[in-house]
Amino acid sequence: MASERMARSAGVGVCVGLTDVAFVYPLAVLATRRENGMPFRTAIAARSFHAGGLTAATLLLPYSMLVEGLSTELRSVTAGFGSASPFVAASLTAVVAALGTQPVEKKMVMDQMLERRGKGRAGPGASRRSSGSLLLQPARDIAAYSRAHGLRALYSGFFPLLAREASYIIAITAVTPLVSRQAQQWTFGDGSNSSPSAGDGTNRDSSAAVAAYVRGAVASFLVGTAAGVFSAPFQTLNAMMKSEVNRGRNLPSLLTDMFARGRVAGVQRLYFGAATRSLRTGFACVLYHSYRTLLQKQPPA
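On a predicted model such as this, the values are computed, not experimentally measured, just so you know.

Q: Can you explain the nonpolar core? Please cite residues and give values.
A: Counting residues in hydrophobic clusters, the biggest one holds 29 residues, and the most contacted among them are Val16, Tyr25, Tyr63, Val67, Ile169 and Tyr288. Only helix 1 (2–35), helix 3 (53–77), helix 4 (85–112), helix 6 (137–154), helix 7 (158–188) and helix 11 (274–295) provide two or more residues apiece to this core. Of the residues forming this core, the biggest block, seven residues, is contributed by helix 1. When residues no more than four places from it in sequence are discounted, the contact partners of Tyr25 are Asp20, Phe49, His50, Ala51, Gly52, Gly53, Ala56, Met108 and Gln112. In this structure, Leu237, Met241, Met258 and Leu270 belong to the second largest nonpolar core, which totals six residues.

Q: Any chance you could break down unusual backbone geometry for me, citing the residues and the numbers?
A: The phi dihedral of Arg47 falls on the positive side, at around 55 degrees, and the residue is not glycine. As for its placement among the helices and strands, Arg47 is situated in the loop between helix 2 (40–45) and helix 3. Given the relative accessible area of 58%, Arg47 is considered exposed. Its identity as a non-glycine residue notwithstanding, Leu114 has a phi of 60 degrees, on the positive side. With respect to the helices and strands, the residue Leu114 is situated in the loop between helix 4 and helix 5 (124–129).

Q: Can you tell me about the pattern of salt bridges, naming the residues and giving the values?
A: Counted by the stated rule, this structure contains 10 salt bridges. In this structure, Arg164 and Glu105 form a salt bridge, with 2.6 Å as the shortest nitrogen-oxygen distance. Taken together, the residues span a long stretch of sequence, with Arg164 in helix 7 and Glu105 in helix 4 at a distance of 59 residues. The closest approach of N and O atoms between Lys106 and Glu244, which form a salt bridge, is 3.0 Å. Placement of Lys106 in helix 4 and of Glu244 in the loop between helix 8 (201–242) and helix 9 (251–258) is noted, with a sequence separation of 138 residues between them. On the accessibility criterion, Lys106 (2% relative accessible area) is buried. Connected via shared salt-bridge partners are Glu105, Arg164 and Glu165.

Q: Requested: an account of the confidence of the model for the chain, with residues and values cited.
A: For the chain, per-residue confidence averages 85 on the pLDDT scale, and residues scoring 70 or more make up 86% of the total. By mean pLDDT, the top-scoring element of the chain is helix 10 (residues 263–270) (96), and the lowest-scoring one is helix 5 (44). Taken together, the stretch residues 118–132 has pLDDT below 50 and engages in 20 contacts with residues farther than four places along the chain or on a different chain. Considering only residues more than four positions removed or in separate chains, one finds that residues 190–199, a stretch of pLDDT under 50, has eight contacts.

Q: An account of empty space enclosed by the protein is needed here, citing residue identities and associated values.
A: Counting across every chain of the model gives one cavity of 30 Å³ or more. Within this model, the largest cavity holds a volume of roughly 370 Å³. Lining the largest cavity are 28 residues, with Leu60, Tyr63, Arg164, Tyr168 and Arg280 positioned closest to its centre. Elements supplying a minimum of two residues to the lining of the largest cavity: helix 1, helix 3, helix 4, helix 7, helix 8 and helix 11. Per-element accounting of the lining of the largest cavity gives the leading share, six residues, to helix 11. Grouping the constituent residues of the lining of the largest cavity by class yields 15 nonpolar, seven polar and six charged.

Q: So, a nonpolar patch on the surface: which residues are in play, and what are the values?
A: Side chains of Val210, Tyr213, Val214, Val218 and Leu222 sit close together on the surface and give an oily, nonpolar patch of about 430 Å² of accessible area. Its location among the elements puts Tyr213 in helix 8. The class for Tyr213 is partly exposed, based on a relative accessible area of 31%.

Conventions adopted
Residues numbered from 1 in each chain as written. Predicted model: local features only at pLDDT ≥ 70, side-chain atom pairs only at ≥ 80, totals over all residues. Heavy atoms only, no water. Core = buried A, V, L, I, M, F, W, Y, C linked by side-chain atoms within 4.5 Å. Buried < 20%, exposed > 50% of the residue type's maximum accessible area, 1.4 Å probe, protein only. Helix = DSSP H or I, 4+ residues; strand = E, 2+ residues; numbered from the N terminus. Contact = heavy atoms within 4.5 Å. Salt bridge = Lys/Arg side-chain N within 4 Å of Asp/Glu carboxyl O. pLDDT = per-residue confidence, 0-100. 1 Å grid on protein atoms, 1.4 Å probe; cavity = no way out; pocket = protein on both sides within 12 Å on 5 of 7 lines; lining within 4 Å. Points joined across faces, edges and corners; volume = space filled by probe spheres on them. Nonpolar A, V, L, I, M, F, W, Y, C, P; charged D, E, K, R; others polar. Patch = residues over 30% accessible without salt bridge, like charges linked within 9 Å, V, L, I, M, F, W, Y side chains within 5 Å. Areas by Shrake-Rupley, 256 points an atom, 1.4 Å probe, with all protein chains shown as cover.

Structure below.
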C-alpha cells in the first residue's frame, strides 16, 4: 500500500512538472522580469518565454515529485498533530524544498532575466563541451558559479524563498485537497445519490463527477491565486536577490531602497509581477488537482 501510494505521488509529480514546464512556465518568466522591475511591455518584448526552460525542467520535475511525495509521507509521521498534520507536513517539506532548490532557482532567475554568462561562470566553450550531455549543463553552471562567487552568493535570498515555498506548498498539499473535497461534497451532497440505480443513473454519476472536478479545479485555482498574492512580497525579494544586478546586496538594503519613496511606493514595489505570478500558482494548483483526480482516485468500496 505504501509503495503504491508513493508511486502514485511520484506519478502526479512527474505529470505536473512536465505540464508546468511546457505550458505554465512562460508566466513564471514574465513574473520574474516584473519582480525585478522590468516594465510589462519590456518583459514581453524581450521574448524568450522559455528562457531557463532546461534549468526549470531539472528543478520542477524533482520538485513536483518532492512536494507531492514527501508531504504525503510526512503526514503519517506528523499524525499526532491531528487536523494540523497536513500543514505541519507541508511546512517541513518547504524547508527541504528550499534547501534543495535554492541553487537551481538562482540559475533559473539569471536565465529568465537573460543575464549573460560572464566571469566565473561557464562560457561558450563549456557549452560546446557539454553538448553531448545537455541535461547536466545547469549543474555545471551552478558549480562554476559557486566556485567563482562562493556559497553565500549562491544562497542569496534563501529566507524569502523559504517563506514563498511554505506558502506554495501549504496551498498545494494542504489547502487544495481540502477545498477540492469540499467542492465534491457540494456536488454530491451527502453521497446518497452517488451510486447508479436505474436507467440513466450512470450518466448522472458521470455528470456529477465532471461537475465535482470542475468545482474542485475552480476552487484549486482560487487557492493558488490567493497563495500567489499572499507570497508576492517574498517572491519579489527572492527574485531580486537572485538577480546578478543585486549580487552582494542584503535584504535590509533592498527594503531600504524600496521604501525610500514612502510606504505606499514600497508596498507597490513588493507587488510588482503579483498578478502574473498568481496566475502561475493558480494554474499549478489546478494541475495538482487534475492529476490527483486522474491518478489517485480510489476505487469505490
